Amino acid sequence: RRAETAILATFGQQPVPEVAMQISSDFDSGNIEVLDAGNPQRVLLAIRPDLNSHHFQWFHFKVEGLLPGQRYGFSLSNAGESAYNQAWSGYHTVASYDQRDWFRVPSRFEDGALQFELEPREAQVWFAYFEPYSRARHDGLIAQALERAGAELFACGQSVEGRAIQLLRVSRNQQAPRKLWIIAQQHPGEHMAEWFMEGLIERLQRDDAELDALLQQADLYLVPNMNPDGAFRGHLRTNATGKDLNRAWQSADARETPEVYFVQQQMRRVGVDLFLDIHGDEEIPQVFTVGCAGNPGYSPRLAALEAEFRRRLLASGAEYQTVRGYPLDAPGQANLTLACNAVGQEFDCLSFTLEMPFKDHDDRPVPQTGWNGARSKQLAEKVLGVVAGMVDQLR
Ligand code: ZN
């Protein structure tokens, strides 16, 4: 290389800088395969499937050795075969120069590939399916909850690969009659779910009258990350044995789905008066909730509670809507392997899946960022307010 530079210098040309573009994903929640990086205008990439599973959609990688101001193009060539291959239209890739400030890069779904171009400002950039919530940040969040939000480590489970699954309890009144459960990121690629939990925990740090009233009536049980193996491995959907945790609530066992098994055991020990399971949806560019209308035990009482929750969340000014979402299950036809349905049925309680978008909340679009961590956190604060307002009615 030095000789080459010397020859160029001899011929009186500008020495070419020694830049070699490098693409890596060998880090927390990293996922990409490089197929052909020979043409920087069209770098060919592929998303790796989850371990022991055919699902894929989540990607996260770092590109280094870029020349700022040059134009680079990237093509996720197998996007058309991903788990939700209808979800790419209207989707824009997330990018960051510093892993703090994440912005959207205009992207298009063409010829079965997700394609985007960038003229980087810096020599390195990270790309991801959504603003990643790292395991390091998770560790910080647990410490923050314990030190500043009045939480205690109530119990701790273990993932297949031995990562901790913390169950936090916030209890300010030993006689509090209600037990409220909120769990997040069963689907490991749905990083907005742990951003939501961070918003919840930050609100718990700021004591206010509404929260105080809530915590006189109820203990909170929080699982900020249900699927740490999948998240770390850059999975979309499954844990390290290839199991979809949100299809395991009728069959959880200590070997293949210890994450669900642990939480179910704790729920049976404690009881559940309200359950929220926090997710992200690949296709629908809106925040929405999914209730238990198809459960065999669904009743007018539960229907009224669901309606009241939705009404209050709308009235709170949260980024939320009730027009778009999943079709309602027919009566008695619910899939009881889902956490929301299983818990709602077993404990006869108000139970929701809450879905946030990977794209944007189209009722109030913010093209620069799309839906992101900050908006997930704001939503959590509103949800906690709604829960506070309803705690008296739950039983
Ligand atoms: Zn999900």
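Structure: see above.
Draft legend 1. A look at the overall build of the chain. The secondary structure content of the chain amounts to nine helices and 17 strands. Relative to a compact globule of 395 residues, whose C-alpha radius of gyration would be 21 Å, the chain shows 23 Å and is just as compact. Excluding contacts between residues fewer than 6 apart, the proportion of contacts in the chain whose partners are at least 24 apart in sequence is 75%. When the accessible surface of the chain is totalled, it reaches about 16300 Å², and 48% of it is carbon and sulfur. Within the chain, one finds 38 positive and 52 negative side-chain charges whose respective centroids are separated by 3 Å.

Draft legend 2. Looking closely at the coordination of the zinc ion. Coordination sphere of the zinc ion, protein contribution only: His 187 (ND1), Glu 190 (OE), Glu 190 (OE) and His 279 (ND1), at 2.1 to 2.4 Å. Around the zinc ion, the four donor atoms sit at angles spanning 57 to 145°, and that spread fits a shape best called irregular. The sequence pattern formed by the donor residues of the zinc ion is H-x2-E-x88-H. Of the two residues, Glu 190 is situated in the loop between β13 (178–184) and α3 (192–205) and His 279 in strand β15 (residues 274–281); the sequence distance between them amounts to 89 residues. Note on accessibility: Glu 190 and His 279 belong to one class, buried.

Draft legend 3. A look at the pattern of salt bridges. For the structure shown, the criterion picks out 27 salt bridges. A salt bridge links Lys 179 to Asp 219, with the shortest nitrogen-to-oxygen separation between them at 3.2 Å. Of this pair, Lys 179 sits in strand β13 while Asp 219 sits in strand β14 (residues 218–223), and the two are 40 residues apart along the sequence. In terms of burial, Lys 179 and Asp 219 fall into one category: buried. The partner of Asp 244 in a salt bridge is Arg 237, with the nearest N and O atoms 2.9 Å apart. Here Asp 244 and Arg 237 have matching classes, each one buried. Overlapping salt bridges bring together Arg 137, Glu 198, Glu 202 and Lys 377 as one network.

Draft legend 4. Summary view of the sheet that holds strand β1 (residues 22–24). The strand order β1-β4-β10-β6-β7 describes an open sheet built from five strands, whose pairing is antiparallel. Taken across any chain shown, the strands that pair with only one partner, and hence form the sheet edges, are β1 and β7 (102–105). Neighbouring strand axes in the sheet, compared pairwise and without regard to direction, differ in orientation by 30° on average. Direction of pairing for strand β4 (residues 60–64) relative to strand β10 (residues 125–128): antiparallel, over a ladder of four bridges. Within the sheet, the bridge partner assigned to Phe 61 lies in β10 and is Phe 127.

Draft legend 5. Layout of the packing of aromatic side chains. As enumerated under the stated definition, the model contains 20 aromatic pairs in all. Ring centres 6.4 Å apart and planes at 40° place the aromatic pair Phe 59 and Phe 61 in the tilted group. The exposure class of Phe 59 is buried, given its relative accessible area of 0%. Linked through ring pairs, Phe 59, Phe 61, Phe 74, Trp 88, Tyr 91, Phe 116, Phe 127, Tyr 129, Phe 130 and Phe 358 together constitute an aromatic cluster.

Draft legend 6. Just the sheet that holds strand β2 (residues 33–36), in detail. Across the sheet, five strands lie side by side as β2-β3-β5-β9-β8; this open sheet has mixed pairing. Since the sheet does not close on itself, it has two edges, and those belong to β2 and β8 (107–110), each with one partner. On average, each strand axis in the sheet is tilted by 30° relative to the strand beside it, whichever way the strands run. Pairing of β2 with strand β3 (residues 43–46), which is carried by three bridges, proceeds in the antiparallel orientation.

Draft legend 7. Representation of the side chain of Arg 375 within the structure. As for its placement among the helices and strands, Arg 375 is situated in helix α9 (residues 373–390). Contact partners of Arg 375, with chain neighbours within four places excluded, come to Glu 319, Asp 360, His 361, Arg 364, Val 366 and Gly 370.

Draft legend 8. Structural context of the layout of surface pockets. In this structure, the largest pocket encloses a volume near 610 Å³. Secondary-structure elements contributing two or more residues to the lining of the largest pocket are β15, β16 (288–290), α7 (300–315), α8 (339–347) and β17 (350–357). Along the lines of polarity and charge, the residues of the lining of the largest pocket split into 13 nonpolar, 13 polar and eleven charged. Approximately 290 Å³ is the volume found for the second largest pocket. If you trace the second largest pocket, you find 13 residues lining it, with Gln 99, Trp 102, Pro 132, Ser 134 and Arg 137 closest to the centre. The residue makeup of the lining of the second largest pocket, split by class, is five nonpolar, four polar and four charged.

Draft legend 9. View of the packing of α7 against α9. Two elements in contact, α7 and α9, have axes whose closest approach is 9 Å; the angle formed by their N-to-C orientations is 130°. Considered as vectors, α7 and α9 are oriented oblique to each other. The interaxial crossing formed by α7 with α9 has right-handed handedness. Side by side, α7 and α9 meet where Leu 305, Glu 308, Phe 309, Arg 312 and Leu 313 of the first sit next to Lys 382, Val 383, Val 386, Val 387, Gly 389 and Met 390 of the second.

Procedures and definitions
- Residues numbered from 1 in each chain as written.
- Predicted model: local features only at pLDDT ≥ 70, side-chain atom pairs only at ≥ 80, totals over all residues.
- Heavy atoms only, no water.
- Helix = DSSP H or I, 4+ residues; strand = E, 2+ residues; numbered from the N terminus.
- Rg over C-alpha atoms; globule rule 2.2 N^0.38 Å.
- Contact = heavy atoms within 4.5 Å.
- Areas by Shrake-Rupley, 256 points an atom, 1.4 Å probe, with all protein chains shown as cover.
- Lys, Arg positive; Asp, Glu negative; His and termini not counted.
- Charge placed at Lys NZ, Arg CZ, Asp CG, Glu CD.
- Donors = N, O, S within 2.8 Å, 3.2 Å for Na, K, Ca; no water.
- Tetrahedral: all angles 85-135°; square planar, octahedral: opposite > 155°, others 65-115°.
- Buried < 20%, exposed > 50% of the residue type's maximum accessible area, 1.4 Å probe, protein only.
- Salt bridge = Lys/Arg side-chain N within 4 Å of Asp/Glu carboxyl O.
- Pairing = 2+ DSSP bridges.
- Axes fitted to C-alpha atoms, helices over the stretch in contact; angles between N-to-C directions.
- Phe/Tyr/Trp six-rings, centres within 6.5 Å; stacked < 30°, edge-to-face > 60°.
- 1 Å grid on protein atoms, 1.4 Å probe; cavity = no way out; pocket = protein on both sides within 12 Å on 5 of 7 lines; lining within 4 Å.
- Points joined across faces, edges and corners; volume = space filled by probe spheres on them.
- Nonpolar A, V, L, I, M, F, W, Y, C, P; charged D, E, K, R; others polar.
- Parallel < 35°, antiparallel > 145°, perpendicular 65-115°, else oblique.
- Left-handed = near helix turned anticlockwise from the far one by under 90°.

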